Amino acid sequence: MFQDNPLLAQLKQQIQENLPKKEGTIKATEKGFGFLEVDAKTSFFIPPPYMKKCIHGDKVVAIIRTEKDREVAEPQELLEQSMERFIGRVKRIKGKLVVVPDHPQLKKLQLNAKTRKGIKADDLNEGDWVVAFLIQHPLKGDNHFLVEITDKITDTDDKIAPWWVTLAQNDLPNSEPAGIEDWQCKDDQALVREDLTHVPFVTIDGASTKDMDDALYATTNAKGDFELTIAIADPTAYITPDDEMDKVARQRGFTIYLPGRNIPMLPRDLADDLCSLHEGEQRPTLCCQVTVSQDGVIQDDIRFFAANIQSHARLVYDHVSDWLENGNSEQWQPSEPIAQVVSELHKFAQARAAWREQNAVVFPDRPDYRFELSEDNDVIAIHADMRRSANRLVEEAMITANICAGRVLSKEFGLGVFNTHLGFKADKLKDVLELVNQDKQGEPYSEEQLISLEGFAQLRRELASLESSYLDNRIRKYQAYSEISNQPDAHYAMGLDVYATWTSPIRKYGDMVNHRLLKAHILKQEPVQKPDDALGEELSIHRKHHKIAERTVGDWLYARTLVDAPQQGTEFTAEIFDINRAGIRARLIENGAGVFIPNSLVVANKQRIESNKEQGTVSIDKVVEMKLGDLLKVTLAEVNLDTRSLVAKPVVQFAEPVAEQEQQA
C-alpha cells in the first residue's frame, strides 16, 4: 500500500537528492557484500541487498547514507558497465537456464539467461562453456539482470577447454586461415632475386618447428671480421597489400602461441610449407648482408637484397648446443662445410654478445617453461629450458638483422614498424633517482643521464651486476611499456638506438610490412605500403591479448597438473616478483607457476605483518623479512580448479613472539 503512495515516493526522492553522492568502482566479495572504491584511500560499504543491483567492476554513482551508525553506499546510476561480452558456464536452477561468469570475482553470480536464435536451450548441458552478452542491468532501469547466450564454446568435460575457452575469452581465432589452391609468385617484375642456392645456409630451430623462417650463413674475411648473411622467408612474394589474405594477417597480427599448440597468422600451406625454409628446397627470401668486426661492432656496409636460397642443413637447437658446448653430439655429426658455418656463427654470436654486454643491455638468463602434452591433452611434464649456445647464436643473428633494418628504414623512409621503449615513466623519474642514488658509491646519477639512452643502459648494466635483484625489481616497476610505432625511436630496454623486426614475417604482420618497405629500398621506389598511425596500436593490442591468452592457458594447465601437490606436501622454490598489501606473488622456479602467498599464511596474527607494495618488502614485527627477488621454500596450500589459482605458504613459519606465546599459554 505505502510503496504505491506518490507522496511517499516523492518524499523518498527528495531525501535521496539531498544525500551526498560519490562516483566509484564496485568491488564484490565472496560473502555477498561489497565496497564502493572511490580512490586508493576511500571506500564505502555496500550491504548485500544493494549489491544485487550491480556487478564487480561496474563504475557507478552511489548515494551515501548512514545506517546503524555506519556510512553505506547505495548504487543509483550506472556510468560504465564492467561486463558486456563474457565467457560463462551453463547451470540449471529449478529448470531455469542460468549462466555463471568465468571470473574469480563473479563465481557466485547466477544470471538468468536466454538463447539467441539458432541455439536451442535444450541442447545446453550443465557446465557447458558459452559466450554470453549482458543485455539487461538493474541500474539501467531493468527489473533484473538478463544475459543472452550467443555461442556454445565446448562441452563441460572437453579436455581442450582451456584452449577453446581462452581463445573465445580474448576474441581470438581458434584455427588457421583457409589457404588457397594455387599460390602464385607476385614479385615486382623489377625485383631480381640473386641465386644463392649454392651457399651453405643452415636453419636452427626446435625439433618440432615447421614454420622455419630464418636461415644463416657466416664466414670470416681476411681481416678476421665476420661476414654475416641472414636469409628470411618471404611471404610477401605471394601476398600483396591488396590481397584478402593481407587483411586477414593484419586482423590477426601475430601467430598465436599457446602451451602445446599454435594458431598461425597465415595459412599452414604457406607458413609451414611453401615459405618455410625446408632443407634441400629452393625458397624465395629477403636477405641482409653485413660485416661485424671482431669486437662485435656492426659495420656500415649493410646490404638488403632478394634471393633464392636453399637450406643445406635443418639443425636442432639442442644438437647444435651439445656440439658447441661439448665438442660432440650423439644425435648430430655435421659435415665439414656445415661445421665450419656453425663455428663461424658461434664466434660471431660471442663477439656480438660481448659488445652488447659492454655497450647495450643483455637480458638475464631465465628458463622458458614448456608443457609436454599427451595425445589426450594431459600434461606429461613441464620442462624448464635454458637458453643454450645455439639459442644465443640465433638470437644474436636476429638482433643484428633487426638493428640493420631499423637503420636502413629510418634513414631511407623515416618510417616503418619499429619496436620502441622510452625508458622510465616521466612521472617516476624522481623516485628512480632517489632509489639509485640512495647507497651509490661515487658520482650520483642525474636526471639528464637517466632520460638518455646511454645513461639508462649504464644503469641497467649496473643493476644486473648486483648480487641482489631487489633494486632491479623495484626500478623495473617505474619503466615505461614497450610499444610498436611507425616512427623510428630508441629501444631503451635493449640499449639500442633503433630496432625494427623483419625476421618473422610468417608469424608477425609488422614484419611483412617491413619486408615491403625493404623491397622498396632495394628497388629505390616509393613503398607500396606505408604503415599508418593505427597499425602500431592494433599490433600492440594483438600482442597484449596473445600474452594474456598464453598466461591463462598456462594457469589452467598448472592448476590441473598441481592439483594433488597440497596433499603431497611437495616443496618448491619460489621467487618473489610482486608484493601488495594482501600478500606476495611469486613464481615457482621448478615449473614457472605463479602462486599467491597471503599474509595470513605467513603469520597468523595479521597485526604483526606489513606488506609494503611501494617498498617491495614484507615486514614482521617491524623487521624486513622478505623483499622483491628473494627466494623462499614453499608448499602449496590450495589449488582452485575453478579460478585456476595456486595459494602457497612458506615452509619456514615465523614464530609468535615469546610474550604472545606466554599469553596464549
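Residues numbered from 1 in each chain as written. Predicted model: local features only at pLDDT ≥ 70, side-chain atom pairs only at ≥ 80, totals over all residues. Heavy atoms only, no water.

Novice: In this structure, what is going on with the sheet that holds strand E8 (residues 111-115)? I would like to understand it.
Specialist: Working definition: the strands of a sheet are paired by backbone hydrogen bonds and lie parallel or antiparallel to each other. In spatial order, the strands read E6-E7-E8-E10-E9; together these five strands close into a barrel with mixed pairing. For this sheet, the mean angle separating the axes of adjacent strands, direction not counted, is 55°. Across six bridges, the pairing between strand E6 (residues 85-93) and strand E7 (residues 96-101) is antiparallel. Each residue of the ladder has a partner; that of Gly 88, found in E7, is Pro 101. (Pairing = 2+ DSSP bridges. Helix = DSSP H or I, 4+ residues; strand = E, 2+ residues; numbered from the N terminus. Axes fitted to C-alpha atoms, helices over the stretch in contact; angles between N-to-C directions.)

Novice: When you look at the packing of aromatic side chains in this model, what are you seeing that I'm missing?
Specialist: Each aromatic ring pair is characterised by the separation of its centres together with the angle its planes make. Applying the stated criterion to the full structure yields eleven aromatic pairs. Both rings, one in Phe 226 and one in Phe 348, keep their centres 6.5 Å apart while their planes meet at 75°; by these two values the pair is edge-to-face. Residue Phe 226 is found in strand E13 (residues 226-233), and its partner Phe 348 is found in helix H7 (residues 336-359); the two are separated by 122 residues along the sequence. The pair formed by Phe 226 and Phe 348 is uniform in burial state, with each residue classed as buried. Ring-pair connections join several aromatic residues into one group, and the members of that group are Phe 33, Phe 35 and Phe 45. Lying over the aromatic face of Trp 163, Arg 261 brings its terminal NZ or CZ to 4.5 Å of the ring centre. Above the face of the Trp 556 ring, Arg 644 is positioned so that its terminal group lies 3.9 Å from the ring centre. (Phe/Tyr/Trp six-rings, centres within 6.5 Å; stacked < 30°, edge-to-face > 60°. Buried < 20%, exposed > 50% of the residue type's maximum accessible area, 1.4 Å probe, protein only. Lys NZ or Arg CZ within 6 Å of the ring centre and 35° of its normal.)

Novice: What should I look at first to understand the environment of Val 90 in this one?
Specialist: By the secondary structure assignment, Val 90 is in strand E6. Here the alpha-carbon distance between Val 90 and Lys 152, two residues 62 residues apart in the chain, equals 9.8 Å. The contacts of Val 90, once residues within four sequence positions are left out, are Leu 97, Val 98, Leu 124, Asn 125, Glu 126, Gly 127, Asp 128 and Val 130. (Contact = heavy atoms within 4.5 Å.)

Novice: Hey, could you run me through the UniProt feature "domain: RNB" (unreviewed entry) in the chain in this one?
Specialist: UniProt tags residues 193-524 as "domain: RNB" (unreviewed entry). For residues 193-524, the end-to-end C-alpha separation is 15 Å, with 36% helix and 23% strand making up the annotated structure. (UniProt positions renumbered as here; feature names shortened; annotations may be inferred.)

Novice: When you look at the packing of helix H6 (residues 317-326) against helix H8 (residues 389-412) in this model, what are you seeing that I'm missing?
Specialist: How two helices sit against one another is set out by the angle between their axes and by the gap between those axes. Where H6 meets H8, the closest approach of the two axes is 7 Å, and the angle between their N-to-C directions is 105°. Relative to H8, the element H6 lies roughly perpendicular. In this structure, H6 uses Tyr 317, Val 320, Ser 321, Leu 324 and Glu 325 to contact H8, whose residues at the interface are Ser 389, Ala 390, Asn 391, Leu 393 and Val 394. Partitioned by chemical class, the residues of the contact of H6 with H8 number six nonpolar, three polar and one charged. (Parallel < 35°, antiparallel > 145°, perpendicular 65-115°, else oblique. Nonpolar A, V, L, I, M, F, W, Y, C, P; charged D, E, K, R; others polar.)

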